[in-house]
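Residues per chain, in single letters:
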Amino acid sequence: MGLFFKKTKKTSAQNADIFNTPLTCESIDELIDTLSHFKLHTLAAALYYSAKKINLLDPNHEIIITEEMILRSDENAVIQEALNIVNAAMEVYEKDKVNIDDNYKRHLN
């Protein structure tokens, strides 16, 4: 059974293990496939956390990212950082899921 599975009475006890299972991906395609299983509000929280982290690192938006910098970046490190950010968002969600779900439902169209 993979990291994501249908929630049933039999598997609901195993759901806690998802948060203890390290997320790993070896390619951008695996990362996209993995992220496609997350709830939208978890990904929105991860995007917000990413923007906050970028703002803390460069609050005046002075860093100019070049094509060369992008090409030299370590894809595995970037993939791992994306997984770390989503994992952090999932942990925040698990700690306060009732309030987060209620807030999310209020913002649905």
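Residues numbered from 1 in each chain as written. Predicted model: local features only at pLDDT ≥ 70, side-chain atom pairs only at ≥ 80, totals over all residues. Heavy atoms only, no water.

## Structural notes on a negative patch on the surface
There is a patch of like negative charges on the surface, built from Glu26, Asp29, Glu30, Asp33, Asp74 and Glu75. Take the negative patch: its biggest share by element is three residues, from helix H2 (residues 28-35). Inspection of the secondary structure assignment puts aspartate 74 in the loop between helix H4 (67-72) and helix H5 (75-95). Here aspartate 74 falls in the partly exposed class, since its relative accessible area comes to 47%. (Patch = residues over 30% accessible without salt bridge, like charges linked within 9 Å, V, L, I, M, F, W, Y side chains within 5 Å. Areas by Shrake-Rupley, 256 points an atom, 1.4 Å probe, with all protein chains shown as cover. Salt bridge = Lys/Arg side-chain N within 4 Å of Asp/Glu carboxyl O. Lys, Arg positive; Asp, Glu negative; His and termini not counted. Charge placed at Lys NZ, Arg CZ, Asp CG, Glu CD. Helix = DSSP H or I, 4+ residues; strand = E, 2+ residues; numbered from the N terminus. Buried < 20%, exposed > 50% of the residue type's maximum accessible area, 1.4 Å probe, protein only.)

## Let's talk about the pattern of salt bridges
Counting across every chain of the model gives two salt bridges. A salt bridge links arginine 72 to glutamate 68, with the nearest nitrogen and oxygen atoms 3.4 Å apart. Of the two residues, arginine 72 and glutamate 68 are both situated in helix H4; the distance of four residues between them amounts to about one turn of the helix. The exposure class of arginine 72 is exposed, given its relative accessible area of 61%. By relative accessible area, glutamate 68 is classed as exposed at 51%.

## Brief notes about the layout of surface pockets
Volume-wise, the second largest pocket comes out at about 350 Å³. Forming the boundary of the second largest pocket are Ser50, Lys53, Ile54, Leu57, Asp58, Ile63, Ile65, Met69, Glu81 and Ile85. At four residues, the largest contribution of residues to the lining of the second largest pocket is made by helix H3 (residues 40-57). Broken down by class, the residue content of the lining of the second largest pocket amounts to six nonpolar, one polar and three charged. (1 Å grid on protein atoms, 1.4 Å probe; cavity = no way out; pocket = protein on both sides within 12 Å on 5 of 7 lines; lining within 4 Å. Points joined across faces, edges and corners; volume = space filled by probe spheres on them. Nonpolar A, V, L, I, M, F, W, Y, C, P; charged D, E, K, R; others polar.)

## Some remarks on the environment of alanine 88
Here alanine 88 is to be found in helix H5. Each C-alpha atom, one on alanine 88 and one on alanine 46, is 7.6 Å from the other, the two residues being 42 residues apart in sequence.

## Overview of a nonpolar patch on the surface
Taken together, the side chains of Ile63, Ile65, Met69 and Ile70 make up a nonpolar region of the molecular surface, amounting to roughly 390 Å² of accessible area. Considering the arrangement of structural elements, one finds isoleucine 65 in the loop between H3 and H4. Relative accessible area serves as the criterion here: at 60%, isoleucine 65 is assigned to the exposed category.

## A closer look at the confidence of the model for the chain
Per-residue confidence for the chain gives a mean pLDDT of 80, with 78% of residues at or over 70. Confidence, read as mean pLDDT per element, is least for helix H1 (residues 9-12) in the chain (47) and greatest for H4 (96). This stretch, residues 1-16, has a pLDDT under 50; its non-local contacts, to residues over four places away or in other chains, come to 14 contacts. (pLDDT = per-residue confidence, 0-100. Contact = heavy atoms within 4.5 Å.)

## A closer look at the side chain of threonine 42
Looking at where threonine 42 falls in the secondary structure, it is placed in helix H3. With a relative accessible area of 5%, threonine 42 lands in the buried category. Residues in contact with threonine 42, not counting those within four places in the same chain, are Val86, Ala89 and Met90.

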